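The residues making up each chain are set out below.
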Amino acid sequence: MDSALSDTRVRDTPVLALKILVAGGFGVGKTTLVGSVSEIRPLRTEEQLTAAGRGVDDLGGVEQKNTTTVAMDFGRITIRDGLSVYLFGTPGQDRFWFLWDELAQGALGAVVLADTRRLTDCFPAVDFFEHRGIPFVVAVNRFAGTRDFRPEEVARALDLEAGTPVLVCDARQRSSGKGVLIDLVEHAGRVHAARLIAEVG
């Protein structure tokens, strides 16, 4: 194929961007996941934890953590020409939840990262996406020395709606993170298709 013609076709390809949120509790690995899968240097808004913040934030299970996201993390993945995924990592502490509504605008779906040592930290994110009808998956981030639970056990503990996928991942590994995103896109596609069918019917 003529290279000029090929370049023209690439330029004429409509650009489609899918927006995905990465949410979860404090210290669960959201910044790590965005950074591991992003093809660009991720935008991060991390600040050092201060003595005052340590009095507010629960560091149980993540005592070594010394930074926190105060606005969002941002990364990008190109699936193919004309199709990109934009990742927005949400801050985990409740004092930053006012940002979630803005970040959720136009989102295809979300990944709720979970740490089985602090599983109750997932409830706010699960409730947020369920109440807004945003499709999501729960991805259990494996930490060294933690007990393994079956996905169905995690689903019961979080009282998830039927059909909500529960996955196991390692947020540090690019391939693992990409697998979670692929599963989310497929799940969101099924949810949105079912809604369209219900509206037509």
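Residues numbered from 1 in each chain as written. Predicted model: local features only at pLDDT ≥ 70, side-chain atom pairs only at ≥ 80, totals over all residues. Heavy atoms only, no water.

**Topic: the packing of aromatic side chains**
We count it as follows: Centres within 6.5 Å are what make two rings of Phe, Tyr or Trp a pair, Trp counting through its six-membered ring; a difference in plane orientation under 30 degrees is then read as stacked, over 60 as edge-to-face, and the rest as tilted. The helix and strand labels rest on DSSP assignments: H or I over at least four residues marks a helix, E over at least two residues marks a strand, and numbering proceeds from the N terminus. The classification of residues rests on relative accessible area computed with a 1.4 Å probe and restricted to protein chains. Under 20% of the type maximum is buried, over 50% is exposed, and intermediate values are partly exposed. Working rule: Lys NZ or Arg CZ, within 6 Å of ring centre, within 35 degrees of ring normal, means a charge sits over the ring.
For the coordinates displayed, the defined rule picks out six aromatic pairs. Between Trp100 and Phe128, the ring centres sit 5.3 Å apart and the planes meet at 85 degrees, which makes this aromatic pair edge-to-face. With a gap of 28 residues between them, Trp100 in helix H4 (residues 100-104) and Phe128 in helix H5 (residues 123-132) connect regions that are remote in the sequence. Assigned by exposure class, Trp100 and Phe128 land together as buried. Each member of the aromatic cluster is reached from another via a ring pair, and the members are Trp100, Phe128, Phe129 and Phe136. The positively charged end of Lys19 is found above the aromatic ring belonging to Phe88, 5.0 Å away from the centroid.

**Side note on the nonpolar core**
Defined as follows: We call a set of buried Ala, Val, Leu, Ile, Met, Phe, Trp, Tyr and Cys residues a nonpolar core when their side-chain atoms join them within 4.5 Å. Contacts between residues were defined by any pair of non-hydrogen atoms, one from each residue, lying within 4.5 Å.
Core analysis: the largest hydrophobic core is formed by 25 residues, its most contacted members being Leu21, Val112, Phe129, Phe136 and Val138. If you list the elements that add at least two residues to this core, you get strand E1 (16-24), H4, strand E6 (109-114), H5, strand E7 (136-141) and helix H6 (151-158). Per-element tally for this core: the top contributor is H5, with four residues. The contacts of Leu21, once residues within four sequence positions are left out, are Phe88, Leu103, Ala104, Ala107, Gly109, Ala110, Val111 and Phe129. Counting residues in hydrophobic clusters, the runner-up holds 21 residues, among them Val28, Val37, Val137 and Cys169.

**Details of the packing of helix H2 (residues 30-37) against helix H7 (residues 174-200)**
Threshold: Axis geometry follows a simple rule: fit a line to the C-alpha atoms, using only the stretch in contact for helices, then measure angles between N-to-C directions, giving values from 0 to 180 degrees. An angle below 35 degrees is treated as roughly parallel, one above 145 as roughly antiparallel, one from 65 to 115 as roughly perpendicular, and anything else as oblique. In this classification, Asp, Glu, Lys and Arg are treated as charged, Ala, Val, Leu, Ile, Met, Phe, Trp, Tyr, Cys and Pro as nonpolar, and every other residue, Gly included, as polar.
It is at 8 Å that the axes of H2 and H7 come closest, and there the two elements cross at 100 degrees. Looking at the two axes, H2 sits roughly perpendicular to H7. Here H2 contributes Leu33, Ser36 and Val37 to the contact with H7, which in turn contributes Arg174, Gly177, Lys178 and Leu181. Counted by class, the contact of H2 with H7 contains three nonpolar, two polar and two charged residues.

**Focus: the side chain of Asp170**
Stated precisely, the cut-off is as follows: Any pair of nitrogen or oxygen atoms within 3.5 Å is treated as a polar contact; in protein, a donor-acceptor pairing is required on top of that, and neighbouring residues in sequence qualify only through side-chain atoms on both sides.
Structurally, the position occupied by Asp170 is in the loop between strand E8 (166-169) and H7. On the basis of relative accessible area, Asp170 is assigned to the buried category, the value being 13%. Among the polar contacts made by the side chain of Asp170, one reaches the side chain of Arg172 at a distance of 2.8 Å. If we skip the residues at most four places from it in the chain, Asp170 touches Asn141 and Ser176.

**Brief notes about the pattern of salt bridges**
For clarity, the threshold we go by: Between Lys or Arg on one side and Asp or Glu on the other, a salt bridge is scored when a side-chain nitrogen of the former is within 4 Å of a carboxyl oxygen of the latter.
Within the structure shown, the criterion is met by eight salt bridges. Here Arg76 ties to Glu39 by a salt bridge, and the two come within 3.1 Å at their closest N and O atoms. Of the two residues, Arg76 is situated in strand E4 (residues 73-80) and Glu39 in the loop between H2 and strand E2 (46-48); the sequence distance between them amounts to 37 residues. Judged by relative accessible area, Arg76 falls into the partly exposed class, the value being 28%. Through salt bridges with shared partners, a single ionic network connects Arg150, Glu152 and Glu153.

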